[in-house]
Amino acid sequence: MNAPTNDGTQDVSKRWLSEKPYLDSNELIINMGPQHPATHGVLRVILKLDGERVLGTECVIGYLHRGVEKIAENRTYAMFNPYVDRMDYVAAVSNGLGYCEAVEKLLNVEAPPRAKYIRVILTELNRIASHQLWLGTHALDIGAMTPLFYTFRDREEILKIFERYCGARLTTHAFRIGGCQYETYAGFEKDVKKFLTFVAPKIDEYEALLTTNRIWMERTKNVGVISAADAIALGVTGPVLRASGVKWDLRKAQPYAAYSDFDFEIPVGTKGDTYDRYLVRMAEMRQSLGIIEQAVNVIPEGPIMAKVPKVIKPPVGEIYHSIEAPKGELGYFIVSDGSTQPYRLRVRPPSFVNLQALDIMVRGLLVADVVAVIGTIDIVLGEVDR
Amino acid sequence: MAEEVKTPAPPAQPVAPAKPAAAATSASPVPVPWISPMVEKYKSQYGSALEALTYLGQNYLSVDRSLIPDILRLLRDGEQFDYCVDVTAVHYPKREKQFDVIWILYSFSRNERMRVKTQIADGASIPSCVSIWATANWLEREVYDMFGIQFEGHPDLKRILLPDGWKGHPLRKDYDILQQDKEWVQINLGIESGQ
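Residues numbered from 1 in each chain as written. Chains lettered and ligands numbered in written order. Predicted model: local features only at pLDDT ≥ 70, side-chain atom pairs only at ≥ 80, totals over all residues.

Caption draft 1: The confidence of the model for chain B, seen in detail. Confidence in the prediction of chain B, expressed as mean pLDDT, is 81, and 85% of residues score 70 or more. Across the interfaces of the predicted complex, the ipTM metric reaches 0.83, alongside a pTM of 0.84. (pLDDT = per-residue confidence, 0-100.)

Caption draft 2: The arrangement of helix α4 (residues 92–107) of chain A in detail. Residues and elements named next belong to chain A. Between its terminal C-alpha atoms α4 stretches 23 Å, which fits the 22 Å expected from 16 residues at 1.5 Å a residue. Counting buried positions over the 16 residues of α4 gives 16, a clear majority of the element. Where α4 ends, the next residue or the one after it, N108, has phi of about 65°, a positive value. (Helix = DSSP H or I, 4+ residues; strand = E, 2+ residues; numbered from the N terminus. Expected span 1.5 Å × (residues − 1). Buried ≥ 20, exposed ≤ 12 C-beta atoms within 10 Å, placed from the backbone.)

Caption draft 3: Broad picture of unusual backbone geometry. Looking along the chain, the bond that leaves I68 of chain B and enters P69 of chain B is cis, with omega of 5°. The residue H173 of chain A is not glycine, and still its phi comes out positive at about 50°. One non-glycine residue with positive phi stands out, namely N222 of chain A, at about 60°.

Caption draft 4: A look at helix α7 (residues 182–189) of chain B. With 0 of 8 residues buried, α7 of chain B is to be regarded as a mostly surface element. One or two residues past the end of α7 of chain B sits G190 of chain B, with phi positive at roughly 70°.

Caption draft 5: Molecular detail of the interface of chain B and chain A. Every contact between the two is made by 28 residues of chain B and, on the other side, 32 residues of chain A. When contributions to the side of chain B that touches chain A are tallied by element, the ones reaching two or more residues are β4 (83–91) and α6 (136–147) of chain B. Per-element accounting of the side of chain B that touches chain A gives the leading share, 6 residues, to β4 of chain B. Partitioning the side of chain B that touches chain A into residue classes produces 18 nonpolar, 7 polar and 3 charged. (Contact = placed C-beta atoms within 7 Å. Nonpolar A, V, L, I, M, F, W, Y, C, P; charged D, E, K, R; others polar.)

Caption draft 6: Examining the packing of helix α3 (residues 77–84) of chain A against α4 of chain A more closely. Residue and element names in this part refer to chain A. Contact geometry for α3 and α4: axes closest at 9 Å, N-to-C directions at 155°. Of the possible angle classes, the one that applies to α3 and α4 is roughly antiparallel. Note on packing geometry: the crossing formed by α3 with α4 is right-handed. Contacts between α3 and α4 involve Y77, N81 and V84 from the former and N95, G96, Y99 and V103 from the latter. Class assignment for the residues of the contact of α3 with α4 results in 4 nonpolar, 3 polar and no charged. (Axes fitted to C-alpha atoms, helices over the stretch in contact; angles between N-to-C directions. Parallel < 35°, antiparallel > 145°, perpendicular 65-115°, else oblique. Left-handed = near helix turned anticlockwise from the far one by under 90°.)

Caption draft 7: Quick peek at the pairing of strand β7 (residues 328–336) of chain A. Residues and elements named next belong to chain A. Among the 9 residues that make up β7, 9 are buried, leaving the element largely enclosed by the rest of the structure. Judged from the 9 bridges that link them, strand β6 (residues 317–325) and β7 form a sheet pairing that is antiparallel. Looking at β7, one finds that I323 is bridged to L330. A loop of 2 residues connects β6 with β7, the two strands running antiparallel in sequence. Taken together, the 6 bridges between β7 and strand β8 (residues 342–348) define a ladder with antiparallel strand orientation. In the strand pairing of β8, F333 is matched with R346. Here β7 folds back onto β8, and the loop between the two strands holds 5 residues, one of which, G338, carries a positive phi near 85°. (Pairing = 2+ DSSP bridges.)

Caption draft 8: Examining the sheet that holds strand β2 (residues 44–50) of chain A more closely. Residue and element names in this part refer to chain A. The 3 strands lie next to each other as β1-β2-β3, forming an open sheet whose pairing is antiparallel. Looking at which strands have only one partner, the edges of the open sheet turn out to be β1 (27–32) and β3 (53–60). Shown here is a sheet whose adjacent strand axes are inclined to one another by a mean of 20°, direction ignored. Two strands pair when backbone bridges link them, and β1 and β2 are joined in this way by 6 bridges, in the antiparallel orientation. Looking at β2, one finds that E27 is bridged to D50.

Caption draft 9: Looking closely at the nonpolar core. One finds I121 of chain A together with L105 of chain B to be the most contacted residues of the largest nonpolar core, which totals 152 residues. Per element, the largest residue contribution to this core is 14 residues, and it comes from helix α5 (residues 113–142) of chain A. When sequence neighbours within four positions are dropped, the list of residues in contact with L105 of chain B reads L75, F81, Y83, C84, V85, M114 and V116 of chain B. (Core = buried A, V, L, I, M, F, W, Y, C linked by C-beta atoms within 7 Å.)

Now the structure itself:
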């Protein structure tokens, strides 16, 4: 073994990075998870290490597999609706929107304008809640404990609005095929507007804690970089794709619900590192506030349910419909055989596809960075495993 | 004469407006031919091995198994379908070729979505498209896990959601909803049944 010599020609840290470690030069395979607080559920990552540097990873998933797609084949279209909430359980409203719209498309019906506006408001509130949960846990993983308390405190206000609207806080089952089951409660608009004025300065508060925080920047800048070309090849969508500089958002590219009625920007990053993804999500929260503000002032009057038969029997055919969920493209591919149950229902989960990019994002980084990258991809294992 | 025959028809419409409307919605929409320059090009190239249809505004190509993976590679390189959204399958146990394999594709530059589907028999394999879109890796593993379809040339084809030693492929239609690999459950979980 040739020990690193200290001839003074090189900076010590550079030498450490360029040379094989003196004592520990064996490759090491270690398990991270499935029971690990930073994996946001039951994710097992097998890490191949050289010292503390990651040579490669393999994800072992499926611990939360419940066979959602099989269940769908054995339930009627309406009965399956609550199940979708249990995939990405921090953004249940988005899941419900995607499912209801997919079945509506298959039935060739359209939700009335009022229902669409209510859907947009609740879905955007849910996007903020999902991003708040992401921010709190992501910062906690990296070592900043305070943002967790701030984000959970403020997310509570969104959950209160959900509870007043439909009685549930997380697995909301807010929408029905053809529209919404519930009319907005008295004071809904007031609550939403109150929330908007309440949360806008709070987002500034989160940013004050992190954006120029030196530790935060050191831990996130140039960590977990993914290029736009790699992101597209790996099918990565959502904020992760946008942080790599691809200006693509399904709400703009192929508008659904009432999104074509509102003005909003698609925030993008340039480097595709963890810091850019953080900035993109922070900007997205502000954009969502803007969308809600535009929508809540002009909710059209009228019915909230389209004319949908009591027994839902879509004609024989296949449909794919996808929406921009907080984590990326959430798609439903439904095959109908003309009966009351889907013949086949496939969920295209954004978390599952995005998690696949973990390997190329962490190669060459340190073990501590793996935690940062898992957080920044923003996965929910309920959706990865279904 | 023809005009005279038509005259009694208009009064009939206001009498029962609900009926024709209801009939219009309940009549099943049918796939219509998908016409585009791209489709024409491929049709002249592949002829009857390829069928292009549109259902409820969504385009898809129904292709012969022998065109996979060439057609997929052409779609990516020649038509900018650079994003493979999903790979999935459907099981039709009564058909001779029991499985539909479906690729859902999207092109950023065209802002266009399409599907490619093909039929394969039970036990037959299909070329992997991991070399075309890296994202197909996990997606194909899931199709293998759930349906037992083999992807030739896949770098690491093994189960992804179910445990490695599990027997059976749950999304096949002959796999009952309550069915499970009891032996696996008893050995690995130490319980009588997972239900």
